[in-house]
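So the chains spell out like this:
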Amino acid sequence: MTARNVGTVRFVSATVGLILFGFVVVLATRESGTGTASRSPLIGQLVPAVAGVGLNEATFDVDDFSDRWVLINFFASWCVPCEREHPELDDWSRRHKKDGVVVSIPFGDTEEDARAFFAEHGGDWPVLMDGDAAWAVAFGVLRPPESFLVGPGGIVVAKWQGQITADEVDRVVNDLERKAVDR
Amino acid sequence: MKQRHWISWFCVALVASLALVAASIADDPPATDGERAYEIKATTLCPVCDGQNVLESNAPVAAAIRAQVDELVSEGRSDEEIRGWMARQYGKDVNANPPRTGIASLVWIAPVFVAVASAAFLVFAFRKWRVGRGAQLSDDDLKIVSSLREPT
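Just so it is clear, the model here is predicted, and its values are computed rather than measured. (Residues numbered from 1 in each chain as written. Chains lettered and ligands numbered in written order. Predicted model: local features only at pLDDT ≥ 70, side-chain atom pairs only at ≥ 80, totals over all residues.)

Draft legend 1. Representation of the overall build of chain B within the structure. In terms of helices and strands, chain B carries six helices and zero strands. Order of helices (α) and strands (β) in chain B, N terminus to C terminus: α-α-α-α-α-α. Taking all 152 residues of chain B together, the buried fraction comes to 17%. If you take every contact in chain B between residues at least 6 apart in sequence, the share linking residues at least 24 apart comes to 44%. (Helix = DSSP H or I, 4+ residues; strand = E, 2+ residues; numbered from the N terminus. Buried ≥ 20, exposed ≤ 12 C-beta atoms within 10 Å, placed from the backbone. Contact = placed C-beta atoms within 7 Å.)

Draft legend 2. Local environment of the interface of chain A and chain B. Facing 15 residues of chain A, the contacting portion of chain B comprises 16 residues. The dominant element in the side of chain A that touches chain B, judged by the number of residues it contributes, is helix α4 (residues 134-138) of chain A, at three residues.

Draft legend 3. A look at helix α2 (residues 80-95) of chain A. Residues and elements named next belong to chain A. Taking 1.5 Å per residue, 16 residues should reach 22 Å; α2 reaches 24 Å between its end C-alpha atoms and fits that length. Along α2, the helix axis deviates most sharply at histidine 86, where the bend reaches about 35 degrees; the proline proline 87 sits within four residues downstream. Burial in α2 covers these residues: Cys82, Glu85, His86, Leu89 and Trp92. Elements in contact with the buried residues of α2: β3 (69-75), β4 (100-106), α3 (111-121) and α5 (166-182). (Expected span 1.5 Å × (residues − 1). Bend = angle between axes of the 7 residues up to and from the residue.)

Draft legend 4. Local environment of the packing of helix α2 (residues 33-42) of chain B against helix α3 (residues 60-74) of chain B. Residues and elements named next belong to chain B. At a closest axis distance of 10 Å, the pairing of α2 and α3 adopts a crossing angle of 140 degrees. In this view, α2 runs oblique relative to α3, as classed from their interaxial angle. The handedness of the crossing between α2 and α3 comes out as right-handed. Across the interface between the two elements, Asp33, Arg36, Ala37, Ile40 and Lys41 from α2 touch Arg66, Val69, Asp70, Val73 and Ser74 from α3. Broken down by class, the residue content of the contact of α2 with α3 amounts to four nonpolar, one polar and five charged. (Axes fitted to C-alpha atoms, helices over the stretch in contact; angles between N-to-C directions. Parallel < 35°, antiparallel > 145°, perpendicular 65-115°, else oblique. Left-handed = near helix turned anticlockwise from the far one by under 90°. Nonpolar A, V, L, I, M, F, W, Y, C, P; charged D, E, K, R; others polar.)

Draft legend 5. Geometry of the sheet that holds β4(A). All names here are of chain A. Strand order in the open sheet formed by four strands is β4-β3-β5-β6, with mixed pairing between adjacent strands. A single partner strand is all that each edge strand has here, and the edge strands are β4 and β6 (156-161). Shown here is a sheet whose adjacent strand axes are inclined to one another by a mean of 15 degrees, direction ignored. Note that β3 and strand β5 (residues 146-150) share five bridges and pair antiparallel. Bridging from a neighbouring strand, isoleucine 72 pairs with phenylalanine 148 of β5. (Pairing = 2+ DSSP bridges.)

Draft legend 6. Molecular detail of the nonpolar core. Counting 58 residues, the largest nonpolar core has Leu71(A), Ile72(A), Val103(A), Ala136(A), Val150(A) and Ile65(B) as its most contacted members. A per-element tally of this core places α3(B) first, with seven residues. (Core = buried A, V, L, I, M, F, W, Y, C linked by C-beta atoms within 7 Å.)

Draft legend 7. Highlighting unusual backbone geometry. Residues and elements named next belong to chain A. The omega torsion of the bond from proline 144 to proline 145 falls at 0 degrees, within 30 degrees of zero and hence cis. When you line up the elements, proline 145 lands in the loop between α4 and β5. The phi angle at glutamate 57 is positive, at roughly 70 degrees, despite the residue not being glycine. In this fold, glutamate 57 is placed in the loop between β1 (51-53) and β2 (59-61). With phi around 60 degrees, alanine 133 is a residue other than glycine that occupies positive phi space. As for its placement among the helices and strands, alanine 133 is situated in the loop between α3 and α4. Assessed through the 23 C-beta atoms surrounding it within 10 Å, alanine 133 is described here as buried.

Dropping the structure here:
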């Protein structure tokens with residue numbers, strides 16, 4: 001092999017190596033495809049408008065509860081974790097009769113099935129149908145159950161993907177209330 | 001004269017490549033809102049499925065995105081606004097078409113670069129072979145050939 005050929009081979013190898021290295025760097029530093037499931041761009045933002053007439057014919061507007069905690073829960077009657085967490089929502093609702101409210105939004109479900117779900121499992125909080133899926137998309141809901149905690153002032157402070165417990169939600173509430181007092 | 005000949009071929013190849021790239025990137029604008037919504041849904045990936053777009057998927061989130069695309073199209077929102085909104089809500093990976101800016105634009109640029117580089121390499125190699133064919137044989141070369149051709 002001549003000296004010129006050796007130079008060409010080295011140049012081509014170095015170029016290919018650099019390109020491959022570039023791809024590795026890009027792939028290693030980009031965001032994970034599954035990472036979106038555990039984050040929400042809504043945290044720290046004003047809660048999207050959620051207002052309408054509930055299944056119990058009462059009107060609900062999240063803006064009317066800006067002095068309370070609001071737990072927005074996306075659920076489906078066919079979803080087993082939703083069924084399991086329902087008593088926890090009921091518990092949290094009882095604990096926060098004065099300073100909080102739960103609102104449920106069926107996701108990928110019919111009004112009839114949502115009514116049947118509440119008739120079977122109980123719960124006296126507002127249930128709003130998301131006809132054109134505007135709220136589901138505004139909250140970036142992927143699969144039920146998903147819950148969003150809105151603090152007094154209308155800021156989204158936490159998101160849970162999957163089954164929640166009343167204690168888990170209260171840990172966030174107590175933590176934020178303690179921080180507010182310390183300030 | 002020979003150099004001018006090559007420049008002409010290079011220009012023809014360049015124009016043809018650019019035309020191909022432009023034709024593959026430029027899309028005919030959809031005629032109706034329905035077509036526009038269909039196009040957006042076909043190029044928006046279901047965020048909880050493996051490689052399925054929201055048009056093909058039965059997941060509730062895909063149904064939600066389909067309903068919202070219809071709603072936003074009927075409100076007169078532009079394609080960019082709708083795609084931007086979905087990317088903000090579900091992450092930029094829901095866009096099946098990689099963006100044409102930033103590092104992701106490499107997906108569009110790299111194939112063209114590789115095609116041009118490969119063509120240039122082939123031209124270079126063919127020319128080198130042609131030059132090699134016209135080389136004069138030395139006496140030593142002829143001796144080696146004749147010794148090899150002698151019957152053993």
